[in-house]
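Structural overview for review
Below are the chains, spelled out letter by letter.
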Amino acid sequence: MDNDEIKLAFENCVKSLLRFIQEQNLVSVIYDIAPKIDFSQRIWYLDLESKYVYSKGKLFELINRRVIIPEVEKCVELMLRENFPQRINMKIVDSFGRPVENPDYRPFLIGDVLLPLIFKYVEKCGLIYNEECFEKIYKELLEYVYASKLPYLIVAPLENFELNNIEEVTIGEYRIRKLEEEEIKTLLSVAGGEILGPSFLSSGFLTNIYCIERKVDVPKGMSLDMSTYFRDIESFITALRLFKHGDVSYNAVLYYSKVWRISYSATGPFVRIVRSSSKYVLDSSDVECFKNFWKAFEKTINSFPNNIKFSLRWFNKSYLEFNEIDRLLDLAIALETLFQTGERLDLYVAHFIGKNSEERKEIWKDMDKLRKIRGAIVHRGYYDVDRGFVDRIEDYYRRSAKIFIESLSEGKISYEDIIEGIKDKILS
């Protein structure tokens, strides 16, 4: 059909439904308690908020065509001619879950397309017809119906993270940005509101307001398989940790359709990791360097040797430790796995990342101290560990792993060659 004819049919349908809703008093305005977001103060608090409540009985009659509205009927006929049921992958099943042959799609088109359309309209524009508002919602509906794939947003709130001197940044398929208001409200409804910061009965702090976002296109009718994207998010977090110091983490994932969104979905772990006050700050001056490192990391991640894979696992585990001893032990194992050695780790690390004899000597001293501390922990069960020392060991790992990854991404040298090169450097 002609696009103008389709638009006119939906426009008249919306106008008629608005009249019907008002004439039948189908909508009531109530006040409910809901979170209010204050971005300037980075806080939230509970306050009264108005919302619309619909009379389900009359709407049920409309769906089952006990109430006939000519403009609605015309719009339903148009949707049937335009193959809306097939375009939106509408499936009708019986009480046993079996597909129904030759189903009557009319009540489902009213209930699943037209009523959500009018609900969206009333929520955004109220009960008075507004052409500009209708245009926006109608455009979104057509995009949903006629698209072969639906864009989904996967959003992971970042723990203990800030951007500095920059509002947002795009890195490959990811965008680092501030959380939107509706995303924050959704996150406040899970895990006691603790994901975004310390929370109280009726208010709380928005300590964590940044997230990483990834857009993915999902064929219509298929569900979003989150397992792959969890791994991808974890890889991006790992790259951030390797790039610079700071206790960055993620604690939840939101995912929702960008087009014709009905609701948000949230999944765990829903655990706040507050290890220290060491905030991760990505400055505008860091962006280009991190983009280059992410390219190298992403290029090689699927072909990492087992030593690097297991080494990164221990490195990431150290970010979950609240005790400095446990954190130090994780980093020691990560280094030993990375360099394939335990006894002469002091020489390997010093010769691999030391820029001159003086720096190599300092690294050697710290690594020798690490060996002694680890031995004392194993035999005595405890050792008083200084956080600054553990931070230095973490930085040695970070520098070493980055060189391994960047060298491998060039494709000119293997992991085994790098290890042999370190041995040759020590012997020389």
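Here, every reference points to the structure presented above.
Since the structure is predicted, the reported quantities are computational estimates derived from the model, not experimental observations.

Core analysis: the biggest nonpolar cluster contains 135 residues, and F10, L114, I176, F339 and F404 have the highest contact counts within it. Excluding residues that lie within four positions of it along the chain, F339 makes contacts with L345, Y348, V349, F352, S400, F404, Y415, I419 and I422.

Right, let's talk about the environment of V113 for a bit. Mapped onto the fold, V113 is located in helix 5 (residues 106-125). The spatial distance from the C-alpha of V113 to the C-alpha of F304 is 48 Å, given a sequence separation of 191 residues. With sequence-adjacent residues up to four places away left out, V113 is seen in contact with M79, I88, F108, L141 and W260.

To continue, consider a nonpolar patch on the surface. Residues V29, Y31, I33, L46, L48 and Y52 make up a contiguous nonpolar surface patch of about 620 Å² in total accessible area. Secondary-structure elements contributing two or more residues to the nonpolar patch are strand 1 (27-38) and strand 2 (43-54). Counting through the fold element by element, V29 comes out in strand 1.

This brings us to the layout of surface pockets. By volume, the largest pocket is sized at about 1000 Å³. Around the largest pocket sit 24 residues that line it, and F119, K120, E123, E182 and I262 are the ones nearest its centre. Secondary structure elements with two or more residues in the lining of the largest pocket: strand 1, strand 2, helix 5 and helix 7 (181-188). Counting residues per element, the lining of the largest pocket draws most heavily on helix 5, at six residues.

Time to look at empty space enclosed by the protein. All told, the structure shown has one cavity of 30 Å³ or more when counted by the stated rule. In this structure, the largest cavity encloses a volume near 50 Å³. Considering the residues around the largest cavity, the lining is formed by I154, V155, A156, Y174, I212, E213, R214, Y229 and I233. At the level of elements, strand 3 (149-159), strand 8 (210-219) and helix 8 (226-243) are the ones that each hand at least two residues to the lining of the largest cavity. In terms of residue class, the lining of the largest cavity is made up of seven nonpolar, no polar and two charged.

Strand order across the open sheet formed by three strands is 1-2-7, with antiparallel pairing between neighbours. Only two strands of the sheet have a single neighbouring strand rather than two, namely strand 1 and strand 7 (203-205). Each adjacent strand pair in this sheet contributes to an overall mean axis angle of 35°, direction not counted. Here strand 2 pairs with strand 7 via three bridges, running antiparallel. Bridging from a neighbouring strand, Y45 pairs with S203 of strand 7.

Take unusual backbone geometry next. Although it is not a glycine, N160 adopts a positive phi angle of roughly 65°. Relative to the assigned elements, N160 resides in the loop between strand 3 and strand 4 (161-164). Phi is positive for W260, which is not a glycine, with a value near 60°. With respect to the helices, strands and loops of the structure, W260 is situated in the loop between strand 10 (253-257) and strand 11 (265-267). Given the relative accessible area of 6%, W260 is considered buried.

Think of a disulfide as a covalent bridge from one cysteine sulfur atom to another cysteine sulfur atom. Inspection of every chain in the model, using the stated rule, returns one disulfide. The side chain of C125 participates in a disulfide bridge whose partner is C133; the two sulfur atoms lie 1.4 Å from each other. Among the residues examined, C133 registers a relative accessible area of 14% and is labelled buried. Left without a disulfide partner, C75 is nearest to the cysteine sulfur of C13, which lies 4.3 Å away. For C75, a relative accessible area of 0% puts it in the buried group.

Before going further, it helps to examine the environment of K185. Structurally, K185 is set in helix 7. Of the residues examined, K185 reaches a relative accessible area of 18% and is grouped as buried. Once the C-alpha coordinates of K185 and P35 are considered, the two residues, 150 residues apart in sequence, prove to be 6.6 Å apart. The residues contacting K185, other than those within four sequence positions of it, are P35, I37 and E49.

Attention now moves to the side chain of K120. Secondary-structure assignment places K120 in helix 5. Residue K120 is classed as buried on the basis of its relative accessible area, which comes to 12%. At 3.0 Å, the side chain of K120 and the backbone oxygen of R261 are in polar contact. Leave out the neighbours within four places in its chain, and K120 touches I137, E140, W260, R261 and I262.

If charged atoms from side chains of opposite charge come close, those side chains can pair. Counted under the stated rule, the structure contains 39 salt bridges. We note a salt bridge from D32 to K51, for which the minimum N-O separation is 3.4 Å. Here D32, found in strand 1, pairs with K51, found in strand 2; they are 19 residues apart in sequence, far enough to count as distant. Among the residues examined, D32 registers a relative accessible area of 35% and is labelled partly exposed. E61 serves as the salt-bridge partner of K58, at 4.0 Å between the closest nitrogen and oxygen. Of this pair, K58 and E61 both sit in helix 2 (residues 56-63), separated by three residues, roughly a single helical turn. For K58, a relative accessible area of 30% corresponds to the partly exposed category. In this structure E61 comes out as partly exposed when scored by relative accessible area, which is 26%. A cluster of three or more residues bridged by salt bridges with shared partners is formed by E324, R327, R387, D391, E394, D395 and R398.

Parameters and conventions
Residues numbered from 1 in each chain as written. Predicted model: local features only at pLDDT ≥ 70, side-chain atom pairs only at ≥ 80, totals over all residues. Heavy atoms only, no water. Core = buried A, V, L, I, M, F, W, Y, C linked by side-chain atoms within 4.5 Å. Buried < 20%, exposed > 50% of the residue type's maximum accessible area, 1.4 Å probe, protein only. Contact = heavy atoms within 4.5 Å. Helix = DSSP H or I, 4+ residues; strand = E, 2+ residues; numbered from the N terminus. Patch = residues over 30% accessible without salt bridge, like charges linked within 9 Å, V, L, I, M, F, W, Y side chains within 5 Å. Areas by Shrake-Rupley, 256 points an atom, 1.4 Å probe, with all protein chains shown as cover. Salt bridge = Lys/Arg side-chain N within 4 Å of Asp/Glu carboxyl O. 1 Å grid on protein atoms, 1.4 Å probe; cavity = no way out; pocket = protein on both sides within 12 Å on 5 of 7 lines; lining within 4 Å. Points joined across faces, edges and corners; volume = space filled by probe spheres on them. Nonpolar A, V, L, I, M, F, W, Y, C, P; charged D, E, K, R; others polar. Pairing = 2+ DSSP bridges. Axes fitted to C-alpha atoms, helices over the stretch in contact; angles between N-to-C directions. Disulfide = S-S within 2.5 Å. Polar contact = N/O pair within 3.5 Å; in protein donor to acceptor, adjacent residues only side chain to side chain.

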